[in-house]
Structure formats: structure tokens, C-alpha cells
2 protein chains.
Amino acid sequence: MVKGILSTIIIYGTMLGTAFSQNSNLIIKEQGTFSAGGIVIKSQGDFDATKPWNVAQGGQTRHGDHADVFYQIPAKAKKYPMVFLHGYGQSKRSWQTTADGRAGFSEIFLRQGFGVYLVDQPGRGDAGQTTKPGQISAVPDDQTWFTQFRIGLYPNFNEGVQFPKDSTSIDHFFRMMTPNTGNVDEASVVNAMSKVFDRAGDGLFFTHSASGIIGWKTAMKSNHIKAIVSYEPGGFVFPEGEVPEGNRGGAGVSMAEFMKLTKMPIVVYYGDFIPKAETDAASLNFWRNVLATAKQWAKVVNAHGGDVSIVLLPEIGIKGNTHFPMSDLNNKEVAEVLGKWLKEKKLDK
Amino acid sequence: MVKGILSTIIIYGTMLGTAFSQNSNLIIKEQGTFSAGGIVIKSQGDFDATKPWNVAQGGQTRHGDHADVFYQIPAKAKKYPMVFLHGYGQSKRSWQTTADGRAGFSEIFLRQGFGVYLVDQPGRGDAGQTTKPGQISAVPDDQTWFTQFRIGLYPNFNEGVQFPKDSTSIDHFFRMMTPNTGNVDEASVVNAMSKVFDRAGDGLFFTHSASGIIGWKTAMKSNHIKAIVSYEPGGFVFPEGEVPEGNRGGAGVSMAEFMKLTKMPIVVYYGDFIPKAETDAASLNFWRNVLATAKQWAKVVNAHGGDVSIVLLPEIGIKGNTHFPMSDLNNKEVAEVLGKWLKEKKLDK
């Protein structure tokens, strides 16, 4: 393993060397970190400062369930910053880099002049302090994710997949996963993201996979979200009484809340390898069902006056994407597709 | 709580607004994230890709126990980058920011032209994936840390303490804590830090509190560490047979290993409020004992030809520092003291 890692370092070094010699310097006007949202819990009892380690004595607080944010604002920034939220088992690294160590989406768009806010959601990454305890299993499950993320049916790679096959990149990809540190409910995550937007101001919300649902729900709470860009969202929010079977977005919401989704442009992208018919691979059926729900949801939002586009990348000639189009080998091309949409919607000023 | 947080956001916004209007733009040549170190474990069994969620079936790997690094290299960078490792219950945020939202040490020195590498150690923050399970308690313990970190004997602040007393800053400070996500042994952390230096190259290692010991041990493993700057280290490494009672640095090392500590300049800083005599406050006695061991350790290293300075900040006229001199209200002054040392040792070229 030590030898494997050593070669990792050398290879990344070389690749990044190439990457930054092609780019000019980044001019940053402001950068920093902050927490947003969260609650405080208290224990009964009296704290004795002369015996501070006697935690069982109580009388203490715990601040938790906040989001942690790293942000960078370039000089001459465009009007709307981008706020990036990761999916299940991921952190802000999802958007910062790629399996093979190239620039991730936040870096690509920062260099185009967008302010970027990279979030670790409550109970994840640097926002690890929670108000409910957590148990973290270390049971090996890399191959579950390799398969669920449509890189392939492990150990096989999907044919033409836009994912690096060298062991160094695969090692790096698996090390980008990070567990929940405690139980945090969806409402707390939505609250924290709303607070992130209070700080960032009007902006564009980028979600991925499990955070898709957080995007829809935060847009119902915050008036600062001027567009949503969602890569492979897993669940959707329907009006009460109209929730289709199998939707992973939970119970329906009031029509008044739902109508907020019609007030901004929304674009949703899915990658490749989603079968048209049922297969014997559970992960592929999962994504087939999700895509069907996505299309149904877009129809409902648009029927109420919304502006949702569901884009299946292979249908516009971009083949081979996994569940992570924003960090796949062709992520620059995926970013260009988005760039056209941002321009069309006048969100790139 | 919601109102409290909202005022937090407004206050931070204002403060940062002030901060960056005083500073010129940051010119970044390269930035990115990477993992370093870590191992891979495997489960017995056969993975079936058609049923990927059947984790109990085994046949899978788990990549864990690596460090996670965010780095920035400014244009016209100085020769030696700085590598920052946090203490117990902390993450890279320790070095990025302060309780009251000002620039942390990594930002101060980045603006002076140093490359910076900000590390989440294995099992912490964005490096949360471990190979051994973890249990995270959510028992309230903020006041334990307030007291242990010598902000005061809670609820009292130490007189003249360089720590903000407004509720917004205190809220922010507690939210910078983040738990261990699994059991990772010291050797794995040292290995990961050695790999970080393989990537960063020759540089300066900044440690804080519990990571003090990681600094000494990584310097015995890596030839890339050209100096160590340690704020309030809690434990030390002595030669076998010379370990003093009460040292928190574990068993001794061979003289050959120990001698590596004599090959680089080392500076150690402690803040204020460490009593000269035993008191009835356990936390203060703790730090009194640590400081005594630090002085004893410096004597041993220096007797073998080393260059260790132990600086008690109040003794050079800098009063009121807590356990976090690098993020206290006077952190610019603390950085200036270090700047003089770097210049004296010709490490600022």
C-alpha cells in the first residue's frame, strides 16, 4: 500500500503541474470559512469549572447541526455566486476536485468569475458536531458505491465510461467518501442551507444526488435562490395528494410551497447507462425509476408555470457519464453544456 | 436561535467587509485538494454487482485512514510552504479563521507569500472515512473545552483574555469543533502527514495542542520538515529511558530517532494563564505540568545539539492568550512574533 500511495503522489503532482501551467493565476478578492444554521442543546446539572472533565455532571451546552462553508469570491465577480452541496457520503470535495485530480466544478466556475460557496452539510466533514449521537460502521462498501454510482457493475467498468481506470484515481475517488457523524434530520439541513444563502445572498444552488431534495426544499424557504442546477437528484417534491409511488422525496407539500419551485429556472442533468427497460441489476433499475419520476415531476412543475428542464446527457450526444457528471473525465464538456444554459437564462452576468 | 444566527450572519458580513477592504487581492497560482496516506481493508466473500446493497455478502474494500488536504500556492511563493495540522476535536478551520471571523494563520501567511497546506487528519473532518468503526457521543461538553482551552473558568472569562466575549463569536468557536469519526492510531496519522510532506515538499510544520506529538514523530519519519512551529503542544518525545513522569507523549524512542529532532529549528509557544503554583483548577494544573515538561524536553533536545525555543508569550509582553494563540484577538501580533523567528532562521525567503 505504501508503494501504491507513493506513486499516487508522484502522478498527481505531474498532472496538476500540467493543469496549472495551462491556466492563469486566480485573483481572489475574499475567501474564508463560516458556520451557518444549527442549534444548541443543554444538559441538566451544574458545571464545575475546577473539574472540567466531569462531563457526566452536566450543566453544559453543545452547538451542533450547522453547515460548514468555505467560500471564495474572485475579483470582478459575476452577479450570482454558486452554492455547492454534496450528495450522500460525500463532502465539499465532490465539487472541488475529480478522481484523477483535475479541477472540479467549483474551480472551473471560479475561474470563470463566479463566487463559490462550498458546503459540508450538518453532520458531515468539517461540520461534524451534531446534537444527536452517531455510530459509524467501517464495513467495506466501496464496491456498493462503484456500482450504485454507475461506474460499472463491479468489477467491470461500463463500456465507454468517462471515469479513470487507473488504480491511483480509483483510490482517490473512494477516499473522497466520508460518513455522517450523527443523525441530522432533513429540516436541519434545509435550515442550514437557507442560512448559507442568507450569507451568500442571491445565488445559484448546485445539488447532487441525495442533496437534490435539499435544493427543492431550500428553494421553498429562502428567497435567495435564483436558479437550481441539479446533477442526478434522487428525489422530488410534489404537491400533497400528487406524490407518485416510489418517489424518494417524502410526503407532499402544500400547493403554496410547491408553487415556489415555479419561480426560478431549474435544470436537472443525468448521465449515461440508465436502461430503458428493467434489468437484473438493482442499481440500474433504481436510476431508471428515479429518471422516470424526474420527468413526471418536471411535467407537474411546468404545468404550474415552472421552467424545469430534464437533460439526459447521452441524448444530447454526451456519452459515458456516471452518477458524477461534474467530476467525470469529460467534466469540462459537462460544464460547457451548463454554461450555455446559464447564458440562455442570463445567469452568467 | 434563528434570530441569534441571523444576527451572526450580519455581524460577520460587516466584519469581513472591513477586513477585505484593508487587504489587496490574493493572487493564487494553484489550489486544490488531495488525500494522503491511508490503508485499504477487505471483507471476505463475493460481491454481487446485481445486488450492490447487500453489504453483508462481503467481497468489498474500504479505503480509509488518509488525511485530506486543501492547499493554495500564491504567485511568487516563498521557498517553504507551511503545513497546518489541527489539535484534538478540531479541523483545518482552526487555522483558516477565528472565533470572531477574522483571518486565521493560514490566511495571514498566505497573504505574506507562503504556500499553505491545510490538513484534516485521518478520521476527522473531510477525511472521515476510517477502517475502524466509531461511536460519536453528543453529550454536551462545550464548557469543558472553554475551560480546558483557558478562555476562563466557565462561566468566567480570564481577566484580560484575548478572546471575544460576544455570543456570536462564542457560538462560532464552539461550531469549529468536530469529532473523530473512527479509531485511528497515532502511527496512521504520522504516516499520513509524512505523505502530505512528500507532496508538499520541503516545508514548515505547524502543529497545535494534541498534534504537537504528531509533529515530533513526523519529523523523525520525513526529511521534508525544515522547521516545526508548535502552539501549545500537549506531549513530547524523549529518548528511551529518559521519559519523565506525566509526559503525554507516550513511550520513548531510540536515540537515533530522537536525534532527528536536533536537525531543524523548533519553536514552541504557550499563551497566558498558566499558573506558577498548583491550583484547585484541574485544567490549569494540566497546562502547568505540560509547560514544565516542554521546558525539560527543550533542554534534552538542545543538550544533544538541537535548536528548540520555548516561548511563554506573557514573558515577552504578549498577554491574555488562550490555548489558541493563532486565532485569539491578537493573532496578528502573535503572527508577527513568529515572523521575526522565521526571519532569524532564514525560513521566510
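Reading the values: the criteria
Residues numbered from 1 in each chain as written. Chains lettered and ligands numbered in written order. Predicted model: local features only at pLDDT ≥ 70, side-chain atom pairs only at ≥ 80, totals over all residues. Heavy atoms only, no water. Helix = DSSP H or I, 4+ residues; strand = E, 2+ residues; numbered from the N terminus. Rg over C-alpha atoms; globule rule 2.2 N^0.38 Å. Buried < 20%, exposed > 50% of the residue type's maximum accessible area, 1.4 Å probe, protein only. Contact = heavy atoms within 4.5 Å. Areas by Shrake-Rupley, 256 points an atom, 1.4 Å probe, with all protein chains shown as cover. Lys, Arg positive; Asp, Glu negative; His and termini not counted. Charge placed at Lys NZ, Arg CZ, Asp CG, Glu CD. Buried area = accessible area lost by both parts, 1.4 Å probe. Salt bridge = Lys/Arg side-chain N within 4 Å of Asp/Glu carboxyl O. Nonpolar A, V, L, I, M, F, W, Y, C, P; charged D, E, K, R; others polar. Axes fitted to C-alpha atoms, helices over the stretch in contact; angles between N-to-C directions. Left-handed = near helix turned anticlockwise from the far one by under 90°. UniProt positions renumbered as here; feature names shortened; annotations may be inferred. 1 Å grid on protein atoms, 1.4 Å probe; cavity = no way out; pocket = protein on both sides within 12 Å on 5 of 7 lines; lining within 4 Å. Points joined across faces, edges and corners; volume = space filled by probe spheres on them. Least-squares fit on C-alpha atoms with pLDDT ≥ 70 in both.

(A) Geometry of the overall build of chain A. Counting secondary structure elements, chain A contains 10 helices and nine strands. Computed over its C-alpha atoms, the radius of gyration of chain A comes to 21 Å, within 12% of the 20 Å expected for a compact globule of 349 residues. Principal axes of the C-alpha set define a box for chain A whose edges measure 65 × 60 × 50 Å. Burial analysis of chain A (349 residues in total) assigns 62% to the buried set. Long-range contacts, defined as pairs at least 24 residues apart, comprise 73% of the intrachain contacts of chain A with a sequence gap of at least 6. Accessible surface for chain A amounts to roughly 12,800 Å². Of this, 52% is attributable to carbon and sulfur atoms. Computing the positive centroid from 36 side-chain charges and the negative centroid from 33, chain A places the two 6 Å apart.

(B) Here's a closer look at the interface of chain B and chain A. Contacts between the two partners involve 92 residues from chain B, matched on the other side by 93 residues from chain A. Counting the surface chain B buries against chain A, the share from its top three residues, B:D126, B:P140 and B:R175, is 9%. Inspection of the region where chain B meets chain A yields six salt bridges. One salt bridge connects B:D126 with A:K92, and the closest N-O pair in it is separated by 2.8 Å. Across the side of chain B that touches chain A, the residue classes tally to 38 nonpolar, 34 polar and 20 charged.

(C) Main features of the packing of helix α6 (residues 186-200) of chain B against helix α7 (residues 212-219) of chain B. Residues and elements named next belong to chain B. Look at α6 against α7: their axes get within 9 Å of each other, and the N-to-C directions meet at 60°. At the point where α6 passes α7, the crossing takes the right-handed sense. From α6, E186, V189, V190, M193 and S194 reach across to α7, where they touch I213, I214, K217 and T218. When the residues that make up the contact of α6 with α7 are grouped by side-chain class, the tally is five nonpolar, two polar and two charged.

(D) Region of interest: the UniProt feature "domain: AB hydrolase-1" (unreviewed entry) in chain A. Residues annotated in UniProt with the feature "domain: AB hydrolase-1" (unreviewed entry) correspond here to residues 82-259 of chain A. When the span residues 82-259 of chain A is considered, its composition is 31% helix and 14% strand, and the gap between its end C-alpha atoms is 23 Å.

(E) Local environment of empty space enclosed by the protein. One pass over the full model with this rule turns up seven cavities of 30 Å³ or more. Each pocket or cavity is described by its volume, and for the largest cavity that value is around 60 Å³. Surrounding the largest cavity, A:Q31, A:G32, A:T33, A:F70, B:F70, B:Q72, B:Q96, B:S106, B:E107 and B:L118 form its lining. Residue assignment for the lining of the largest cavity shows that the elements contributing at least two residues are β1 (26-42) of chain A together with β2 (61-74) and α3 (105-110) of chain B.

(F) Seen up close, the relation of the copies chain B and chain A. Superposition record for chain B on chain A: RMSD 0.0 Å, screw rotation 180°, translation along axis 0.0 Å. Such a combination of turn and shift is consistent with a two-fold rotation axis. Residue by residue, 100% of the interface of chain B is reproduced at the interface of chain A, so both copies engage with the same surface.

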